[in-house]
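Per-entry structural report
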Amino acid sequence: MTPAPFLPFTRPLIDERTIAEVGEVLRSGWITTGPRCQELEAALSERLNGRPVRLVNSGTASLELALRLCDIGPGDEVITTPLSWVATANVVLAVGATPVFVDAEASTRNIDLRLVERAITARTRALIPVDLAGLPVDRDRLDAIARRHGLRVIEDAAQSFGARWGGREIGSFGDLVSFSFHANKNLCTAEGGCLVLNNEVEARRFEKLRLQGVARLPDGTMDVEDWGSKANLTDVAAAIGLGQLRRIDEFTARRRALAERYFARWDASLGFDLPPDDAAQHGNWHMFQPLLPRRLAARRGDFIAAMREQGIGVGVHYPAMHLFSLFRRRGHAPGDFPVAEDIGARTVTLPLFPAMDDADVDRVCTAVAAAVAALD
Ligand SMILES: *Cc1c(COP(=O)(O)O)cnc(C)c1O
């Protein structure tokens, strides 16, 4: 019997039509920002309730430039969760502001909104909620807190493209909403991202922040009015995104079906904590992340190795970031955010991507049981 092929924890699905369209861009003579980017911005805007959308070359750039758009800088504080990709806090440092972490809640693994108001000070300027694994933060409660305290909201929706809150798609409402189109995200352009903005005035300012501060004047000349970064997307990448956007709803439906199969097939006696029940939130199942049983928490590396020996890739998204050296140097220590630390120490990301079939889920479940038996 030939061994089953390696099953990674995720893999982008780029169809042949999209590959041909990328080829057309490469042959066209115009490969950087151009018509494909315009088309993708228009298509995203149409999907997101007509709101202005501007592409950039990463989700990180989108978040950092969103902070600059809000004039957030030295002396300002920005509240976020320690359970995210480190980009979420790095961008706050990049603009010279201070990231202020608030613990996660065990039920959703997202920022604990009950603790946010206690963290607000006279210096707080914005909230950056993160929809971990594509499960939306409660937008009604979040927006109420922001309104009450006059704060901007920069949604780090890097993982939640296609997810919904209260029947409305993430990005179609709210203040500033940032998506990532990194290869691992539900909609990818290899690398890329976008910001959803409130109006055309903001969008034009963002365009300058995105590309060297350049403003195109009506008479065909240009001016450089302010500092700007270099964060424009290429048409090569946008062509991938257009192909992904055609199929995103199909991809999301497939992810949901695979997640449901995990729930149906999972052996509860193993002692894992399964991801939150998603019935009310309509997440997009960006990832499927059980938490290891507490008795195995210190042996996550052994668990991952035992899965790999069975041909299955397992990721860790994420250790609680305040325990990274960068944030320990800024004064954080174990015990600061116990819920995030517990989740971060036990989380494992199992394979979930649209090209998987049902038998792959069954194979993962069998392998998990074997790995646990080997460790116990
Ligand atoms: C991926 C990700 C980012 C960063 O996006 P890039 O496109 O990789 O720069 C930021 N925040 C979260 C929560 C992410 O998952």
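Residues numbered from 1 in each chain as written. Predicted model: local features only at pLDDT ≥ 70, side-chain atom pairs only at ≥ 80, totals over all residues. Heavy atoms only, no water.

1. Concerning the overall build of the protein chain
- In terms of regular secondary structure, the protein chain is built from 12 helices and 11 strands.
- What you see for the protein chain is a C-alpha radius of gyration of 21 Å, in line with the 21 Å of a compact globule of 376 residues.
- Its C-alpha atoms put the protein chain at 70 × 55 × 35 Å along the principal axes.
- Here the protein chain, with 376 residues, has 56% of them falling under the buried criterion.
- When the accessible area of the protein chain is evaluated, it comes to approximately 16000 Å², of which 53% is carbon and sulfur surface.
- Across the protein chain, 44 positive and 49 negative side-chain charges occur, with their mean positions spaced 2 Å apart. (Helix = DSSP H or I, 4+ residues; strand = E, 2+ residues; numbered from the N terminus. Rg over C-alpha atoms; globule rule 2.2 N^0.38 Å. Buried < 20%, exposed > 50% of the residue type's maximum accessible area, 1.4 Å probe, protein only. Areas by Shrake-Rupley, 256 points an atom, 1.4 Å probe, with all protein chains shown as cover. Lys, Arg positive; Asp, Glu negative; His and termini not counted. Charge placed at Lys NZ, Arg CZ, Asp CG, Glu CD.)

2. Comments concerning the nonpolar core
- Tyr-262, Phe-303, Met-307, Leu-350 and Val-368 are the most contacted members of the largest nonpolar core, which totals 29 residues.
- Taken together, the elements giving at least two residues each to this core come down to helix H8 (235-265), helix H9 (300-309) and helix H12 (358-375).
- Sort the elements by how many residues they give to this core and H12 lands first, with 8 residues.
- With near-sequence residues (within four places) excluded, Leu-350 lies in contact with Phe-9, Tyr-262, Trp-266, Phe-288, Pro-290, Met-307, Val-314, Val-364 and Val-368.
- In this structure, Leu-40, Val-53, Trp-165 and Ala-238 belong to the second largest nonpolar core, which totals 25 residues. (Core = buried A, V, L, I, M, F, W, Y, C linked by side-chain atoms within 4.5 Å. Contact = heavy atoms within 4.5 Å.)

3. Considerations on the packing of helix H3 (residues 59-69) against helix H4 (residues 87-94)
- Close contact between H3 and H4 brings their axes to 9 Å; oriented N to C, the two are set at 40 degrees. By the angle between their directions, the pair H3 and H4 is classed as oblique. Crossing of H3 over H4 shows right-handed handedness. Contacts between H3 and H4 pair Thr-60, Leu-63, Glu-64, Leu-67 and Arg-68 from the former with Ala-87, Thr-88, Val-91, Val-92 and Ala-94 from the latter. (Axes fitted to C-alpha atoms, helices over the stretch in contact; angles between N-to-C directions. Parallel < 35°, antiparallel > 145°, perpendicular 65-115°, else oblique. Left-handed = near helix turned anticlockwise from the far one by under 90°.)

4. Remarks on the pairing of strand E4 (residues 124-128)
- Most of E4 is tucked away, with 4 of its 5 residues classed as buried.
- Taken together, the 4 bridges between strand E2 (residues 77-80) and E4 define a ladder with parallel strand orientation. Each bridged residue has a counterpart across the sheet, and for Glu-77 the counterpart in E4 is Thr-124.
- Here E4 runs beside strand E5 (residues 152-156); their pairing, made up of 2 bridges, is parallel. (Pairing = 2+ DSSP bridges.)

5. Section: the domain arrangement of the protein chain
- Examined at the domain level, the protein chain breaks down into domain 1 (16-242) and domain 2 (248-375).
- Placing a centre on the C-alpha atoms of domain 1 and another on those of domain 2 gives a separation of 26 Å.
- Facing the 38 residues of domain 1 at the interface are 35 residues of domain 2.
- Overall, the association of domain 1 and domain 2 removes approximately 2900 Å² of surface from exposure, summing both partners, and the carbon and sulfur fraction of that is 62%.
- Across the domain 1-domain 2 interface, the total number found is 1 salt bridge.
- Close ionic contact of Arg-47 with Asp-249 constitutes a salt bridge, the shortest N to O distance being 2.8 Å.
- Applying the counting rule to domain 1 against domain 2 returns 15 residue pairs in polar contact (both at pLDDT 80 or more).
- Taken together, the elements giving at least two residues each to the side of domain 1 that touches domain 2 come down to H4, strand E3 (98-101) and strand E6 (164-165).
- Counting residues per element, the side of domain 1 that touches domain 2 draws most heavily on H4, which supplies 4 residues.
- The residue inventory of the side of domain 1 that touches domain 2, partitioned by class, reads 19 nonpolar, 13 polar and 6 charged. (Domains from an automatic or database assignment. Buried area = accessible area lost by both parts, 1.4 Å probe. Salt bridge = Lys/Arg side-chain N within 4 Å of Asp/Glu carboxyl O. Polar contact = N/O pair within 3.5 Å; in protein donor to acceptor, adjacent residues only side chain to side chain. Nonpolar A, V, L, I, M, F, W, Y, C, P; charged D, E, K, R; others polar.)

6. Considerations on the packing of aromatic side chains
- Evaluation of the coordinates by the stated rule reveals 12 aromatic pairs.
- Between Phe-161 and Phe-179, the ring centres sit 5.0 Å apart and the planes meet at 70 degrees, which makes this aromatic pair edge-to-face. Of this pair, Phe-161 sits in the loop between E5 and E6 while Phe-179 sits in strand E8 (residues 176-180), and the two are 18 residues apart along the sequence. The same class applies to Phe-161 and to Phe-179, which are both buried.
- With a centroid separation of 5.6 Å and 80 degrees between ring planes, the pair formed by Phe-263 and Phe-288 is classed as edge-to-face. Placement of Phe-263 in helix H8 and of Phe-288 in the loop between H8 and H9 is noted, with a sequence separation of 25 residues between them.
- We classify Phe-263 as partly exposed; its relative accessible area is 32%.
- Clustering of aromatic rings is evident, with ring pairs tying together Tyr-262, Phe-263, Trp-266, Phe-272, Trp-285, Phe-288 and Phe-303.
- Against the face of Phe-173 rests Arg-168, its NZ or CZ located 4.1 Å from the ring centre. (Phe/Tyr/Trp six-rings, centres within 6.5 Å; stacked < 30°, edge-to-face > 60°. Lys NZ or Arg CZ within 6 Å of the ring centre and 35° of its normal.)

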